[in-house]
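What follows is each chain in one-letter form.
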Amino acid sequence: MTRPLLLALLGLPLLLCACQDQGARAQTAALQARVDRLEEQLRTLQQAQANQASALPTDVRQVTAQAAAQNCANSLTRELESFRENSLDQRYPTAAQLVLPPACADQRVNWLSRSPQTYTFTITDRDGRELARQSGS
């Protein structure tokens, strides 16, 4: 073999390796850029999730109990006012005439005052803490 041919044959693998390395480096760089973008998206989502979690009430049970109590109070007030509007003498119902609305089924209704012309009641939790209050006259 001639010397130039021998050099070409020996140089060919080096050239092929160099081309392969350049292609692999380009692919690695593209993959690294993609990983960097995905990691940034993940950090953004985790931050948004952390912000949302901190915006939630600390005691979900307390908020739920308060909402249920207010729902009961509103339903009971509608019931009382509806009775009064439909009564001939424009009075609120007596204890015997009043049927608690379904929203009050699991609630503790405490009458602070009750007469044919006025009422005040509270809704309390098991520990006696007031969750809602309504009055009418």
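Right, let's walk through the structure included here.

Thresholds applied
Residues numbered from 1 in each chain as written. Predicted model: local features only at pLDDT ≥ 70, side-chain atom pairs only at ≥ 80, totals over all residues. Heavy atoms only, no water. Helix = DSSP H or I, 4+ residues; strand = E, 2+ residues; numbered from the N terminus. Buried < 20%, exposed > 50% of the residue type's maximum accessible area, 1.4 Å probe, protein only. Contact = heavy atoms within 4.5 Å. Pairing = 2+ DSSP bridges. Axes fitted to C-alpha atoms, helices over the stretch in contact; angles between N-to-C directions.

1. Some words on the environment of Ser113
Along the chain, the position of Ser113 falls in strand β1 (residues 108-114). Its relative accessible area of 31% is what places Ser113 among the partly exposed residues. Along the backbone, Ser113 and Ser135 are 22 residues apart, and their C-alpha atoms lie at a distance of 8.9 Å. Ser113 has contacts with Thr118, Tyr119 and Thr120, leaving out every residue within four places of it along the chain.

2. A word on the sheet that holds strand β3 (residues 130-136)
Across the sheet, which stays open at both edges, the 3 strands sit in the order β1-β2-β3 with antiparallel pairing between neighbours. Across the chains shown, the open sheet's two edge strands, defined by having one partner strand only, are β1 and β3. Shown here is a sheet whose adjacent strand axes are inclined to one another by a mean of 20 degrees, direction ignored. In this fold helix α2 (residues 60-86) packs onto β1, β2 (119-124) and β3, with an angle of close to 15 degrees to the strand it touches most, β3.

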